[in-house]
Amino acid sequence: METLCHFCGNQNFTERHVQYVYRRDGHFLIVNEVPCEQCDYCGEQYFQAKVLKPIEIEFESIHYRGKKVARELRIPVEQFQEVLATA
Ligand SMILES: [Zn+2]
């Protein structure tokens, strides 16, 4: 798919399945085992539009149309100053 990494210029990629985090308007959707090509040098990940489009549609179904999902995560959130105060 890619011929040249946009970040480092490397030409070698490996097909991988990774965890993809979609974020919009303060909402998140995590999708596991998403296919991508990853730069062998810097690790930048490249996803095809045909992969990202259904994830975007799923995100909208969940967050804007109330679709139920099988699994949800509770994720801790802190301000950086709070991190410093307890470190
Ligand atoms: Zn790269």
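Please refer to the structure placed before this passage.
Residues numbered from 1 in each chain as written. Predicted model: local features only at pLDDT ≥ 70, side-chain atom pairs only at ≥ 80, totals over all residues.

## Thoughts on the environment of Arg65
Okay, so step 1: Note that Arg65 resides in helix α1 (residues 49-65).
Okay, so step 2: Arg65 gets classed as exposed once you count the C-beta atoms within 10 Å, which come to 7.
Okay, so step 3: Each C-alpha atom of the pair Arg65 and His17 lies 28 Å from the other, and the pair is 48 residues apart in sequence. (Helix = DSSP H or I, 4+ residues; strand = E, 2+ residues; numbered from the N terminus. Buried ≥ 20, exposed ≤ 12 C-beta atoms within 10 Å, placed from the backbone.)

## Structural notes on the sheet that holds strand β3 (residues 45-46)
Okay, so step 1: If you walk across this open sheet you meet the three strands as β1-β2-β3, and the pairing is antiparallel. At either margin of the open sheet sits one strand with a lone partner, and together these are β1 (13-24) and β3.
Okay, so step 2: Both β1 and strand β2 (residues 27-39) contribute to a ladder of 11 bridges, which runs antiparallel. Opposite His17, over in β2, you have Pro35 as the bridge partner. (Pairing = 2+ DSSP bridges.)

## A few points about the pairing of β1
Okay, so step 1: Summarising burial for β1: one of the 12 residues are buried, a small minority.
Okay, so step 2: Here β1 folds back onto β2, and the loop between the two strands holds two residues, one of which, Asp25, carries a positive phi near 55 degrees.

## Quick word on unusual backbone geometry
Okay, so step 1: Located in the positive-phi region is Asp25, a residue other than glycine, with phi close to 55 degrees.
Okay, so step 2: Its place among the elements puts Asp25 in the loop between β1 and β2.
Okay, so step 3: Although it is not a glycine, Glu33 adopts a positive phi angle of roughly 60 degrees.
Okay, so step 4: Among the structural elements, Glu33 can be located in strand β2.

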